[in-house]
Amino acid sequence: MSAAPSAAPLLQALEVRKSFGATQALKGVDFELRAGEVHALLGPNGAGKSTLVKVIAGALRPDAGRLLLGGEELGRIGPAAAHAAGIETMLQQTALIPDLSVAENIALGRRGGRGGFVDWRAQRRDGAAALAALGLDLRLEQPVGELSIADQRAVELARALSRRCRVLILDEPTATLGAREARVLLEQVRRTAAEGVGVVYVSHHLDEVLEVADRATVVRDGRVVEVMELRRDGVQARDLVRAMIGREVEVAQPPALAGGGAIALEAQSVTVGRRLQEVSLTLRRGEIVGLFGAVGAGQSTLARVLSGQTRPSAGSVAVDGRPLRVRTPRGALRRGVALVPEDRLRSGLVPAFDVAENIQLSARALGRGVLARRRLPEARRWVADLGIHPADPTVAVSALSGGNQQKVVFAKTVASGGRVLVLEEPTAGVDVGAKQEIRALVGRLAGDGAAVAIVSTEPEEVLAMCHRIVVLRKGSVVAELPREAATRQTLTELATGAEAER
Amino acid sequence: MSAVDSLTAPSAARRGPLAALRRLGPTGSHVAALAVVLLVVIVVASLLSETFLTSDNLLNVARQVAVLGILAGATTLLMVSGGIDLSIGACASLCGVIAAKMLTGGDSATLAVLAVLAIGMGVGLLNGIAIVVSNAPPLILTLGTMSILEGFSQATTNAETIPVSNFGWLGAATLAGIPMPAFVAGLVLVACGLLLRFTRLGRDALAIGGNEHASFVAGIGIRRVKVALYVIAGGLAALAGLVLVSRVGAASPMGGVGLELQAVAAVVIGGASLAGGRGSVAGTVLGVVLLGVITNVLNLLNVQTYYQSVATGAVIAIAVMSGQAGTRWRSDRAGGH
């Protein structure tokens, strides 16, 4: 697959320390990256991963320790210095200019040509070379905005290659991709490494890590706990999990279904333009139902309808037997339908507020009276219940790690008193430990009689939690199966239509 | 008013002066820095002019900044929610003019005050409804309203100033030695501070300014909150217009022109962000006083008005730039994990 990674370190971080106020994010971390390898960086939320990535990327200056690139000390920090040194970072969202062509995007930020003119020919030549190295078949003059997200990611990889990048940092690069697109991207990541680039790969998807990475450094609590040779030692997912959280974790099982709960929500022939066509769905109290499909298959649109953000163009939704006709989330919440949105930063949190006020946002919005009461003891209970770290409801929510922020969004939704819960990708971007805690909470809520819909593009997510799984493809329900009958394989086949095509 | 309306309550765990500053949060540390700047300006002013630190002069400053203070209170409420109302200056002029017409026409002061407050709130209601229904940017929409209201003021008065007698109690009188306008402005600002800190309306305003979409998803009635804020702003603009007429003893159709921009300046100096989500009444008070003190000192030193304008402009520019630099410094230090 790839050229054998050379043993000499390309990038070395030695005894790196970094503190933010009283918090020690990195307590003396060593990290080594070889040219031509894909090196996964793993650890629970808040372990110090992001800080280490920022230090390696030259975006943060460590308090102590050294950073060597090709044996030379990296002195200056900042994006310009990092570029000059050949360090590229690819973030979760694409950083391309949609109106510019593929070739222009690949050439972006690089000086070329003479006297202020663009050397179009050189631009096309470099662009074509970069695309060829990744085995990409894209038109150079096509505006990037017209490409699929997967192709856009690939263009970013091509850009990094054409910049003669030596170190490439990927932070959850498949976060916005479906399963099949993700596999293609992983292959391109391997090709990138084969060109001699050292790739740092940050992801919560352990299966991806096992597929793409040669080695893994596991960080926990600001320290490196293990450096693993994934291929040589035949490491498996459970080994990674054990290293990340320091103990064995059993695979989650959905709670036993009480059975025969009353119908809480019934959707009949719901249609939204061309995005959702005649979808019907029944949710019973105590039941956890998965709405599974590839990106854009319609499950998010259905979630938007149920949570009052989109009105169906045809069809009806009833809650507790009464029709639900609402045009805002406020209306849906009043009827007890609460949402954990997919994009927690955009839709879930008010970053400037503290944890307590975020938790109480929905409940307060639905309440009465003039005064905004701060119920600190209640907030403390949520913080303790969900194991939110730090265990202080008066810290700003923006200071929390992603997984802990997700728990705050959860607490807010549940505290609103909703009895029908719509959860969009509830454990996305959350570490293994937090995943377990969130899943346990969902199980408890269902056990207490809540009806839960879990919207996801991840087979693992619905398999781990749901009693029943509804599969959508191209806006329609293509299958509905009990969990016992569902496997990763069947779900993926149903969602992609692979079975039908065979 | 509460000392600092920072968005996050302090956590008790950390100690030391730097930690104390951080504990205040971004808004709080800005207010603390601004207080220091104001103190320095006051010391310099008292060195430059002997009359500055006399009670007569200070009461005079208080009387002069009152109208601006009321409008800045309104602007603070709007700005933390991500809104803005450029028509409040013109609304103040119009309300003053209408009150003057009613008073000279023989109506009672009570009737005039109530009528004008209703008109101001009505204007705010229209602004608010237009903004939430059309989703138009408030900056531009209220720029339009401003022009409309100015036109009405000019038309009502034929562009002439209307002298008003027997209406000095709100502007010219004193209460327990404090000029009535300062008293009114103080009440208004305390009320705004309490509103932002302790009421659902105030917290919802901050939430909307901090993340409108998340507030929407959380079930906050975004539209009604916004409309309520514009209604309050309109009412306060009317109040400011009344105080102005009463203080001057005459109503000019251009009396409030430009005050809305001074109010925005004071609020931004006070640490609020035009994008919303950040700001405090304490900061606004300091911003208003700083602008008032600087104007007053330049007057005492007989500096020409043209140069006063230059000086005030420079203060605004420097305040905004240093506020931005402070934000960057803090976000550098905050970082992730």
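Residues numbered from 1 in each chain as written. Chains lettered and ligands numbered in written order. Predicted model: local features only at pLDDT ≥ 70, side-chain atom pairs only at ≥ 80, totals over all residues.

- For chain B, the name recorded in an unreviewed UniProt entry is ABC transporter permease, with Conexibacter stalactiti as its organism.

- Chain A is annotated in an unreviewed UniProt entry as Sugar ABC transporter ATP-binding protein of Conexibacter stalactiti.

1. A short note on the overall build of chain A
Part 1: When helices and strands are tallied, chain A shows 19 helices and 20 strands.
Part 2: Its C-alpha atoms give chain A a radius of gyration of 24 Å, within 12% of the compact-globule value 23 Å for 502 residues.
Part 3: On the principal axes, the C-alpha backbone points of chain A span a range of 70 × 55 × 50 Å.
Part 4: Counting only residues that meet the buried cut, chain A has 52% of its 502 residues in that class.
Part 5: Summarising the internal contacts of chain A: among those between residues at least 6 apart in sequence, 71% fall at separations of at least 24. (Helix = DSSP H or I, 4+ residues; strand = E, 2+ residues; numbered from the N terminus. Rg over C-alpha atoms; globule rule 2.2 N^0.38 Å. Buried ≥ 20, exposed ≤ 12 C-beta atoms within 10 Å, placed from the backbone. Contact = placed C-beta atoms within 7 Å.)

2. Thoughts on the packing of helix H7 (residues 180-198) of chain B against helix H12 (residues 281-300) of chain B
Residues and elements named next belong to chain B.
Part 1: For the pair H7 and H12, interaxial distance at closest approach is 9 Å and the crossing angle is 150°. With respect to their mutual orientation, H7 and H12 come out roughly antiparallel. From H7, Leu189, Cys192, Gly193 and Leu196 reach across to H12, where they touch Val281, Ala282 and Val285. (Axes fitted to C-alpha atoms, helices over the stretch in contact; angles between N-to-C directions. Parallel < 35°, antiparallel > 145°, perpendicular 65-115°, else oblique.)

3. Focus: the interface of chain B and chain A
Part 1: Across the boundary between the two partners, chain B contributes 29 residues, which contact 40 residues of chain A.
Part 2: Of all the secondary structure elements, the ones that give two or more residues to the side of chain B that touches chain A are helix H8 (200-210), helix H9 (212-217) and helix H13 (305-334) of chain B.
Part 3: Across the side of chain B that touches chain A, the residue classes tally to 10 nonpolar, 13 polar and 6 charged. (Nonpolar A, V, L, I, M, F, W, Y, C, P; charged D, E, K, R; others polar.)

4. Topic: the pairing of strand E16 (residues 337-340) of chain A
All names here are of chain A.
Part 1: Side chains Val337 and Leu339 of E16 all project onto a buried face; the interleaved residues Ala338 and Val340 project onto the opposite face, where all are buried too.
Part 2: Bridge analysis of E16 against strand E17 (residues 420-424) gives 4 bridges, and the strand direction is parallel. Its bridge partner being in E17, valine 337 is matched across the sheet by valine 420. (Pairing = 2+ DSSP bridges.)

5. Comments concerning the pairing of strand E9 (residues 215-220) of chain A
Residues and elements named next belong to chain A.
Part 1: Buried residues dominate E9, accounting for 6 of its 6 residues.
Part 2: The side-chain alternation of E9 yields two buried faces, one formed by Arg215, Thr217 and Val219 and the other by Ala216, Val218 and Arg220.
Part 3: Here 6 bridges tie E9 to strand E10 (residues 223-229), and the two strands are oriented antiparallel to one another. The residue of E10 that forms the bridge with threonine 217 is valine 227.
Part 4: Connecting E9 to the antiparallel partner E10 that follows it, the hairpin turn spans 2 residues, and aspartate 221 within it adopts a positive phi of roughly 55°.

6. Thoughts on the nonpolar core
The nonpolar side chains of a soluble globular protein tend to be buried with one another.
Part 1: Ranked by internal contacts, the top residues of the largest apolar core, which has 177 residues, are Val452 of chain A together with Ile70, Leu71, Leu77, Cys95 and Ala237 of chain B.
Part 2: Take this core: its biggest share by element is 17 residues, from helix H10 (residues 222-248) of chain B.
Part 3: If sequence neighbours within four positions are ignored, isoleucine 70 of chain B has contacts with Ala185, Val188, Leu236, Leu239, Ala240 and Val243 of chain B.
Part 4: Core analysis: the next-biggest nonpolar cluster, separate from the first, contains 74 residues, Val55, Ile87, Ala158 and Cys165 of chain A among them. (Core = buried A, V, L, I, M, F, W, Y, C linked by C-beta atoms within 7 Å.)

7. Section: the sheet that holds strand E15 (residues 322-323) of chain A
All names here are of chain A.
Part 1: In space, the 4 strands of this open sheet follow the order E12-E11-E14-E15, with antiparallel pairing throughout. Only two strands of the sheet have a single partner each, and these edge strands are strand E12 (276-284) and E15.
Part 2: Here strand E11 (residues 263-272) runs beside strand E14 (residues 314-319); their pairing, made up of 5 bridges, is antiparallel. Bridge assignment links alanine 267 to a residue of E14, and that residue is valine 317.
Part 3: Across the sheet, helix H9 (residues 299-306) is in contact with E11, E12 and E14; its angle to E11 comes to roughly 120°.

8. Observations concerning the domain arrangement of chain A
Residues and elements named next belong to chain A.
Part 1: In terms of domain boundaries, chain A breaks down into domain 1 (9-245) and domain 2 (263-501).
Part 2: When each unit is reduced to the centre of its C-alpha atoms, the spacing between domain 1 and domain 2 is 31 Å.
Part 3: Listed per partner, the contact involves 12 residues of domain 1 and 16 residues of domain 2.
Part 4: Per-element accounting of the side of domain 1 that touches domain 2 gives the leading share, 3 residues, to helix H8 (residues 237-245). (Domains from an automatic or database assignment.)

9. What to know about H12 of chain B
Part 1: Counted at 1.5 Å a residue, the expected span for H12 of chain B with its 20 residues is 28 Å, and the 28 Å between its end C-alpha atoms agrees.
Part 2: Asparagine 302 of chain B sits one or two residues past H12 of chain B and shows a positive phi near 60°. (Expected span 1.5 Å × (residues − 1).)

10. Remarks on the UniProt feature "transmembrane region" (unreviewed entry) in chain B
Residues and elements named next belong to chain B.
Part 1: UniProt annotation of "transmembrane region" (unreviewed entry) refers to residues 31-49, 61-80, 111-133, 167-196, 227-248 and 281-300 when read in the numbering used here.
Part 2: As annotated, residues 111-133 comprises 100% helix and 0% strand, and the C-alpha atoms at either end are separated by 32 Å.
Part 3: In this annotation, residues 227-248 is assigned 100% helix and 0% strand; the end-to-end C-alpha distance for the span is 32 Å. (UniProt positions renumbered as here; feature names shortened; annotations may be inferred.)

11. Observations concerning the environment of glutamate 424 of chain A
Residue and element names in this part refer to chain A.
Part 1: Here glutamate 424 shows up in strand E17.
Part 2: Between the alpha carbons of glutamate 424 and glutamine 299 there is a distance of 9.2 Å; along the sequence they are 125 residues apart.
Part 3: If we ignore the near neighbours within four places in the chain, the residues touching glutamate 424 are Ser300, Ala303, Val340, Pro341, Glu342 and Val455.

12. Things to note about the sheet that holds strand E6 (residues 87-90) of chain A
Residue and element names in this part refer to chain A.
Part 1: The mixed open sheet is built from 6 strands, whose spatial order is E6-E7-E8-E3-E9-E10. Each edge of the open sheet carries a strand with a single partner, namely E6 and E10. Taking each pair of neighbouring strands and ignoring which way they run, the sheet shows an average axis angle of 20°.
Part 2: Here E6 runs beside strand E7 (residues 167-171); their pairing, made up of 4 bridges, is parallel.

13. Quick look at the packing of H8 of chain B against H10 of chain B
Residues and elements named next belong to chain B.
Part 1: For the pair H8 and H10, the least separation of the axes is 10 Å and the interaxial angle reads 110°. Regarding the angle of H8 to H10, the classification is roughly perpendicular. Considering how the two elements wind past one another, H8 and H10 form a crossing that is left-handed. Contacts between H8 and H10 pair Leu201, Asp204, Ala205 and Ile208 from the former with Ile222, Val225, Ala228 and Leu229 from the latter. (Left-handed = near helix turned anticlockwise from the far one by under 90°.)

14. Focus on unusual backbone geometry
Part 1: Along the chain, histidine 389 of chain A connects to proline 390 of chain A via a cis peptide bond; the corresponding omega equals 0°.
Part 2: Along the chain, the position of proline 390 of chain A falls in the loop between helix H14 (376-385) and helix H15 (402-415).
Part 3: Even without being a glycine, glutamate 15 of chain A presents a positive backbone phi close to 50°.
Part 4: Relative to the helices and strands, glutamate 15 of chain A resides in strand E1 (residues 9-20).
Part 5: Of note, asparagine 302 of chain B is a non-glycine position whose phi angle comes to about 60°, a positive value.
Part 6: Here asparagine 302 of chain B lies in the loop between H12 and H13.
Part 7: Since 7 C-beta atoms lie within 10 Å of it, asparagine 302 of chain B is described here as exposed.

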